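# Report on the structure
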Amino acid sequence: MNLKLRVWRQTGPTSRGRMATYDVTDISPDASFLEMLDVLNERLILEGEEPIAFDHDCREGICGMCGMMINGVAHGPSRATTTCQLHMRHFKDGETIDVEPWRAAAFPVVKDLVVDRGAFDSIIQAGGYISAPTGAAPDAHATPVPKADADAAFEAATCIGCGACVAACPNGSAMLFTAAKVGHLGLLPQGQPERDTRVVGMLAAHDEAGFGGCTNAGECTTVCPKGIPLTLIGRLNSDYRKAVTKRG
């Protein structure tokens with residue numbers, strides 16, 4: 001495949017960015033999108049140019065490191081797929097592809113396609129954990145959990161924190177991420193003692209980090225590579241109302 005890439009280049013957080021155009025040739029349709037960028041970077045290095053900076057790690061759709069806007073869509077055109085698992089066969093030979101970083105006030109650009117997602121860490125630090133010491137791991141059957149709750153908790157826990165929900169949201173909201181992290185603990189017995197302080201603290205951290213508010217646009221769940229459902233935001237809102245009612 002031969003393709004034309006228009007890639008966002010930005011040397012640093014305070015520098016002015018621009019779209020740069022590159023031609024890539026002889027790309028296998030079975031190559032992943034990141035492998036295609038690897039090929040381009042190898043050529044740029046050999047030509048003495050600065051390679052394109054982008055985040056990546058496991059390349060198996062697990063770690064959540066990769067992420068970029070591809071033709072205006074977070075992670076690209078394939079549903080429930082991370083950028084590292086997006087294959088070039090989803091594009092047409094000769095196509096022009098625009099590649100940009102996540103666009104959100106809380107995700108400042110570090111360089112090229114790399115953004116600082118440290119704001120997610122501040123949300124987790126505000127309550128995305130169970131602080132009570134529990135000693136050794138209990139037997140799996142020691143604390144019965146209804147299957148519906150266990151399934152819902154597992155679904156929420158599949159969030160990999162890639163940030164696609166924020167990039168796709170017209171408000172730059174991280175509510176789906178926050179709801180997933182609050183929800184998977186709030187559905188389990190171990191998470192009940194800190195359920196109220198968790199949801200209040202994590203929502204406060206969400207707002208302080210500069211994320212926008214949720215208006216139920218639904219773009220977040222559409223681009224989520226793990227299919228985190230919008231219903232978790234409803235659960236989050238319910239938990240928050242109950243928590244502030246108890247306080248006040």
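Reading the values: the criteria
- Residues numbered from 1 in each chain as written.
- Predicted model: local features only at pLDDT ≥ 70, side-chain atom pairs only at ≥ 80, totals over all residues.
- Heavy atoms only, no water.
- Helix = DSSP H or I, 4+ residues; strand = E, 2+ residues; numbered from the N terminus.
- Polar contact = N/O pair within 3.5 Å; in protein donor to acceptor, adjacent residues only side chain to side chain.
- Core = buried A, V, L, I, M, F, W, Y, C linked by side-chain atoms within 4.5 Å.
- Buried < 20%, exposed > 50% of the residue type's maximum accessible area, 1.4 Å probe, protein only.
- Contact = heavy atoms within 4.5 Å.
- Pairing = 2+ DSSP bridges.
- Axes fitted to C-alpha atoms, helices over the stretch in contact; angles between N-to-C directions.
- Parallel < 35°, antiparallel > 145°, perpendicular 65-115°, else oblique.

## Re the side chain of Ser173
- Relative to the helices and strands, Ser173 resides in the loop between α4 (164-168) and α5 (175-186).
- In this structure the side chain of Ser173 is engaged in a polar contact, spanning 3.1 Å, whose partner is the backbone nitrogen of Met175.

## A closer look at the nonpolar core
- Core analysis: the biggest nonpolar cluster contains 41 residues, and Trp102, Phe107, Phe120, Val166 and Phe211 have the highest contact counts within it.
- Only α2 (118-125), α4, α5, α6 (195-208), α7 (219-223) and α8 (231-247) provide two or more residues apiece to this core.
- In terms of residues, this core owes the most to one element, α5, which gives six residues.
- When neighbours within four sequence positions are excluded, Phe107 is seen to be in contact with Trp102, Val115, Asp116, Arg117, Phe120, Gly163, Val166 and Phe211.
- In terms of nonpolar packing, the next biggest core, distinct from the first, is built from 28 residues, Met36, Leu44, Met68 and Cys84 among them.

## What to know about the pairing of strand β5 (residues 96-100)
- Of the two faces of β5, the one lined by Ile97 and Val99 is fully buried and the one lined by Thr96, Asp98 and Glu100 carries no buried residue.
- Bridge count for strand β1 (residues 3-9) against β5 is four bridges, and the pairing is parallel. Each bridged residue has a counterpart across the sheet, and for Lys4 the counterpart in β5 is Thr96.
- Note: strand β3 (residues 69-70) against β5, two bridges, orientation antiparallel. Bridging across to β5, Ile70 finds its partner in Val99.

## Quick notes on unusual backbone geometry
- Its identity as a non-glycine residue notwithstanding, Asp26 has a phi of 55°, on the positive side.
- With respect to the helices, strands and loops of the structure, Asp26 is situated in the loop between β2 (18-24) and α1 (33-46).
- The exposure class of Asp26 is exposed, given its relative accessible area of 70%.
- Non-glycine residue Arg59 carries a positive phi angle of around 60°.

## Digging into the packing of α6 against α8
- It is at 9 Å that the axes of α6 and α8 come closest, and there the two elements cross at 110°. By the angle class used here, α6 and α8 are roughly perpendicular. Where α6 abuts α8, its residues Arg195, Asp196, Thr197, Val199, Val200 and Leu203 lie against Leu236, Asp239, Tyr240, Ala243, Val244, Lys246 and Arg247.

## Some remarks on the sheet that holds β1
- Sheet architecture is open: five strands sit in the order β2-β1-β5-β3-β4, paired in mixed fashion. Taken across any chain shown, the strands that pair with only one partner, and hence form the sheet edges, are β2 and β4 (73-74).
- Alignment of β3 against β4, held across two bridges, turns out to be antiparallel. The residue of β4 that forms the bridge with Ile70 is Val73.
- Against the sheet, α1 engages β1, β2, β3 and β5, with an angle of about 90° to β2.

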